[in-house]
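# Fold and geometry: a report
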Amino acid sequence: YTRGTVTAFSPFDARADAEALRKAMKGMGTDEETVLKILTSRNNTQRQEIAAAFKTLFGRDLVDDLKSELTGKFETLMVSLMRPAYIFDAHALKHAIKGAGTNEKVLTEILASRTPAEVQNIKQVYLQEYEANLEDKITGETSGHFQRMLVVLLQANRDPDGRVDDGLVEQDAQVLFRAGELKWGTDEEKFITILGTRSISHLRKVFDKYMTISGFQIEETIDRETSGDLEKLLLAVVKCIRSVPAYFAETLYYSMKGAGTDDDTLIRVMVSRSEIDLLDIRQEFRKNFGKSLHHMIQKDTSGDYRKALLLLCGGDDE
């Protein structure tokens, strides 16, 4: 069961696809249209089979060929599509914490939105692929309450959804109210513990109760009581607890809104959600921003990059 826009292509022939790709990139000039049509209409598993067939048939690395034949954002998008799904997040995190400066936006987006099972998987893959401990890497590059919240999320110990205890809901809502609105200064620890460890269904009820007690949405309080990277992370966690597709719809909207486009975010979200929940993200986008995701991509991007993104997006919800 999937709410993705990209599903397994049928009838699938890895060798035929590999041959078509080789032909598209051989000799003078590249037939980008063929490349983008094949890669956006096969799922990740099939793309890996195409890469294997490509190596078998031609003794060449498909990703290396894509890198040498394509350029710019279009190249980044095609290479991202070729990354094995299981390694996608680990790779994004590795690049977010390497070299000068840390990309907090990427840490926030991935660790706030992935399920505990997905986070456990990311940690294992990170260790296997990069022979490094992800938590150590992240703590080495971050600090303060932002770092603590990331560490809590990395534990992937959120309570599983079960029966919700109304007494505990009331208690958590009161604790958050006292830790924020009612306190001079903010007790960030309480926000970190409650938002990082309670179950999703419990927290949704806590947010409702919080509104009743305080007269504020929890987001308004976080906005007022915290700042910087911690604020962005706590808000992302709250939004993902309410609705992961709505969180990604908003992420996509702001990647394109205003002057300039945050192409890294646009590519990362479109690729990573294309087989999971992009249909739901499109629905939330239409509902919350009064226009379709398709329309916004159309307006904000150009060339083969745009063609490929629109194919990943699938239909237009205007």
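Starting afresh in each chain, residues are numbered from 1 along the sequence in its written order. In keeping with the model being predicted, local features are shown solely for residues with a pLDDT of at least 70 and side-chain atom pairs are shown and tallied solely at 80 or more, while totals for entire chains, interfaces and linings include all residues. Heavy atoms throughout the structure, all of them, feed into the side-chain values; hydrogens and water do not.

Let me state the cut-off plainly: UniProt positions are given in the numbering used here, feature names are shortened, and annotations may be inferred rather than shown by experiment.
Identification of the protein as Annexin from Geococcyx californianus is taken from an unreviewed UniProt entry. In the Sequence similarities (unreviewed entry) part of its UniProt record, the protein is described as follows: "Belongs to the annexin family."

### Quick word on helix H14 (residues 218–225)
Cut-off, in case you're wondering: Throughout, exposure labels follow a simple rule: accessible area from a 1.4 Å probe, protein chains only, divided by the maximum for the residue type, with under 20% read as buried, over 50% as exposed, and the rest as partly exposed. To qualify as a helix, a DSSP run of H or I must reach at least 4 residues; to qualify as a strand, a run of E must reach at least 2; elements of each kind are numbered from the N terminus. Working note: the arc is built from the helix axis to C-beta atom directions. In what follows, residue pairs with any heavy atoms lying within 4.5 Å of each other are defined as contacts.
All of the buried residues in H14 are Ile218, Glu219, Thr221 and Ile222. Buried residues along H14 cover an arc of 160° about the axis, so they all sit on one side. Its buried side turned inward, H14 meets helix H11 (166–179), helix H12 (188–197), helix H13 (200–214) and helix H15 (228–242).

### Points about the nonpolar core
Spelled out, the test is: Only buried Ala, Val, Leu, Ile, Met, Phe, Trp, Tyr and Cys residues count toward a nonpolar core, and they belong to the same one when joined by side-chain atoms within 4.5 Å.
Counting residues in hydrophobic clusters, the biggest one holds 97 residues, and the most contacted among them are Met78, Leu195 and Met270. In terms of residue count, H15 provides more of this core than any other element does, nine residues in total. Residues within four places of Met270 in sequence aside, it is in contact with Leu252, Leu278, Leu293, Ile297, Leu309, Leu312 and Cys313.

### Re the domain arrangement of the protein
Convention followed: Here the bounds of each domain stem from an automatic or database domain assignment.
The domains assigned to the protein are domain 1 (14–85), domain 2 (89–155), domain 3 (166–242) and domain 4 (245–313). Each of domain 3 and domain 4 has a C-alpha centre, and the two are 29 Å apart.

### Observations regarding the packing of helix H6 (residues 85–96) against helix H8 (residues 116–130)
The condition that has to hold: Between the N-to-C directions of two axes lies an angle of 0 to 180 degrees, each axis being a line fitted to C-alpha atoms and, for a helix, fitted only over the stretch in contact. Our angle categories are set so that under 35 degrees counts as roughly parallel, over 145 as roughly antiparallel, 65 to 115 as roughly perpendicular, and the remainder as oblique.
At a minimum axis separation of 9 Å, H6 and H8 run at an interaxial angle of 70°. Taken together, the axes of H6 and H8 lie roughly perpendicular to each other. Where H6 approaches H8, its residues Tyr86, Ile87, Asp89, Ala90, His91, Leu93 and Lys94 are matched on the opposing element by Asn121, Ile122, Val125, Tyr126, Glu129 and Tyr130.

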